[in-house]
Amino acid sequence: MKASKILISVDIEGVAGVWRLEQTQAGQSDYERARAWMTQEANAAVRGAFEGGATEVLVNDSHGHFGNLLIDALDPRAQVIQGKPRMLGMMAGVDQAVDGVLMVGWHSRAKSRGVLAHTSNSFAFARVWLGGHELGEVGLYAALAAEFGVPVLMASGCDVMADELHALLPQTPCAVVKWSDGARSGRSLSAEHARSLIASTARESVQRLADARAPLPVFRLEASPIELRVQCQTPALADVFALWPTVERIDGDTVRIGCDSVLAAVRSLNAMSTMSSVLR
Ligand SMILES: [Zn+2]
């Protein structure tokens, strides 16, 4: 079996039992419990990755201020990437010679029917297209990982996120830990069941990487330049983004920017996200 270094990117909206915004926001009621659940789902993936043959695991804290995971509760075999800002966003660590990425606790894109659906910044962005594909965080960051030659080995989250993943990467396993009835409601596995499912899916997906005779499929955007198109939540946000000279205004609430790589597009989107804070 080949040695493998695995990156686990962990968000919170796709964690079992997380339905409400208050659970995702530092300082709000129930956030402290939700971040502990997030840490335990990360641990389940760490355990599965090592059982599947990983020799090294990096865990990337990928929600909000990127400082949610409780490191005193984290599996001691893993190292954790935290803090903001960072160039690679939710894929920080993908440039450190990793062999595969696990997306744990991820959610569906803005305007979809998934639990707590949004794309990078729910205040700023209504819809995002990259290279002509309408994408959420799963697609944007799968494309970024692909640019580094790294496959997404598995994901976990709600059923709508799973459908979004499978539209891009039909073979990639997904641990569905909850089913959406709406943006803030649905049915969830228990925390214990969700963790065992994440661990077994992680184990099998890392094993699959070790056993693969050919590179696993990746979601690669071939276009060059790659157009990043963003429909903003309000025209006032488009006013702010259009201050940046390479941003072109398409209409009242939509802007575009030509990017020479997925990394440039992700950096542009995250820079616009930061710019949007002047209107909050
Ligand atoms: Zn999040």
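Read on for an overview of the structure. (Residues numbered from 1 in each chain as written. Predicted model: local features only at pLDDT ≥ 70, side-chain atom pairs only at ≥ 80, totals over all residues. Heavy atoms only, no water.)

Brief notes about the pattern of salt bridges
Our working rule: The working definition used for a salt bridge is a side-chain nitrogen of Lys or Arg within 4 Å of a carboxyl oxygen of Asp or Glu.
According to the stated counting rule, one finds 12 salt bridges in the structure shown. Across the pair arginine 229 and glutamate 227 runs a salt bridge, and its minimum N-O distance is 3.6 Å. Residues participating in the shared-partner salt-bridge network are Glu227, Arg229, Glu248 and Arg256.

As for the coordination of the zinc ion
Put simply, the rule reads: Each metal site lists N, O and S donors within 2.8 Å (3.2 Å for Na, K and Ca). With water left out of the atoms, a site can look as if it is missing ligands. Site shape is set this way: if four donors have all angles between 85 and 135 degrees, tetrahedral; if opposite donors are over 155 degrees apart and all others between 65 and 115, square planar for four donors and octahedral for six; otherwise irregular. Helix numbers and strand numbers start at the N terminus; a helix is a DSSP run of H or I with at least 4 residues, a strand a run of E with at least 2. When accessible area is computed with a 1.4 Å probe and restricted to protein chains, residues below 20% of their type maximum are described as buried, those above 50% as exposed, and intermediate ones as partly exposed.
Donor atoms from the polypeptide that bind the zinc ion are Asp11 (OD), Glu13 (OE), Glu13 (OE) and His63 (ND1), placed at 2.0 to 2.8 Å. Between the 4 donor atoms coordinating the zinc ion, the angles at the centre fall across 51 to 132°, so the site counts as irregular. Here the donor residues of the zinc ion share one chain and are spaced in sequence as D-x1-E-x49-H. You can see aspartate 11 sitting in the loop between β1 (4–10) and α1 (31–51) and its partner histidine 63 sitting in the loop between β2 (54–61) and β3 (79–81), a full 52 residues away along the chain. For histidine 63, a relative accessible area of 8% corresponds to the buried category.

Side note on helix α6 (residues 262–275)
Here is the rule: Here the expected span of a helix is defined as 1.5 Å times the quantity of residues minus one. The directions considered for the arc are those from the helix axis to the C-beta atoms. Between two residues, a contact is recorded if the distance between any of their heavy atoms is within 4.5 Å.
With 14 residues, α6 extends 20 Å from end C-alpha to end C-alpha; this agrees with the ideal 20 Å at 1.5 Å per step. Those residues of α6 that sit buried are Val262, Ala265, Val266, Ser268, Leu269, Met272 and Ser273. For α6, the angular spread of buried residues about the axis comes to 160°, placing them on one side. Lining the buried residues of α6 we find β5 (125–130), α2 (137–147), β10 (226–232), α5 (235–241) and β12 (254–259).

So, the nonpolar core
Worth spelling out the cut-off: Side-chain atoms within 4.5 Å are what join buried Ala, Val, Leu, Ile, Met, Phe, Trp, Tyr and Cys residues into a set we call a nonpolar core.
Grouped together as the largest cluster of nonpolar side chains are 92 residues, with contacts concentrated most on Ile6, Ile8, Val57, Met91, Leu102, Met103 and Leu228. If one sorts the elements of this core by residue count, α1 sits on top with 9 residues. Apart from the residues within four sequence positions on either side, methionine 103 is in contact with Ser9, Met91, Val138, Tyr141, Ala142, Val152, Met154, Ala155 and Ser156.

Some points on the packing of aromatic side chains
Formally: Whether two aromatic rings pair depends on their centres lying within 6.5 Å, for rings of Phe, Tyr and Trp, where Trp uses its six-membered ring; planes under 30 degrees apart make the pair stacked, over 60 edge-to-face, and the rest tilted.
This model, assessed by the stated rule, comprises 2 aromatic pairs. A centroid spacing of 6.1 Å and a plane angle of 85° characterise the contact between tryptophan 106 and tyrosine 141, whose relative ring orientation is edge-to-face. Separated by 35 residues along the polypeptide, tryptophan 106 in strand β4 (residues 100–106) and tyrosine 141 in helix α2 bring together distant segments of the chain. The class for tryptophan 106 is buried, based on a relative accessible area of 1%. Tyrosine 141 gets classed as buried once you look at its relative accessible area, which sits at 3%.

Side note on the environment of arginine 47
Note that arginine 47 resides in helix α1. Arginine 47 gets classed as partly exposed once you look at its relative accessible area, which sits at 35%. Counting along the chain gives 175 residues from arginine 47 to glutamate 222, while the straight-line C-alpha distance between them is 35 Å. Those residues in contact with arginine 47 that lie beyond four places of it in its chain are Asp75, Arg77, Arg195 and Ala199.

So, α2
Of all the 11 residues making up α2, 10 are buried; the element is thus mostly covered by neighbouring parts of the structure. Taken as a whole, α2 has its buried residues at Glu137, Val138, Gly139, Leu140, Tyr141, Ala142, Ala143, Leu144, Ala145 and Ala146. Against β4, β5, β7 (152–158), α3 (159–168) and α6 lie the buried residues of α2. Immediately downstream of α2, the backbone of glycine 149 shows phi near 75°, a positive value.

No statement about biological role is implied by the geometric values presented.
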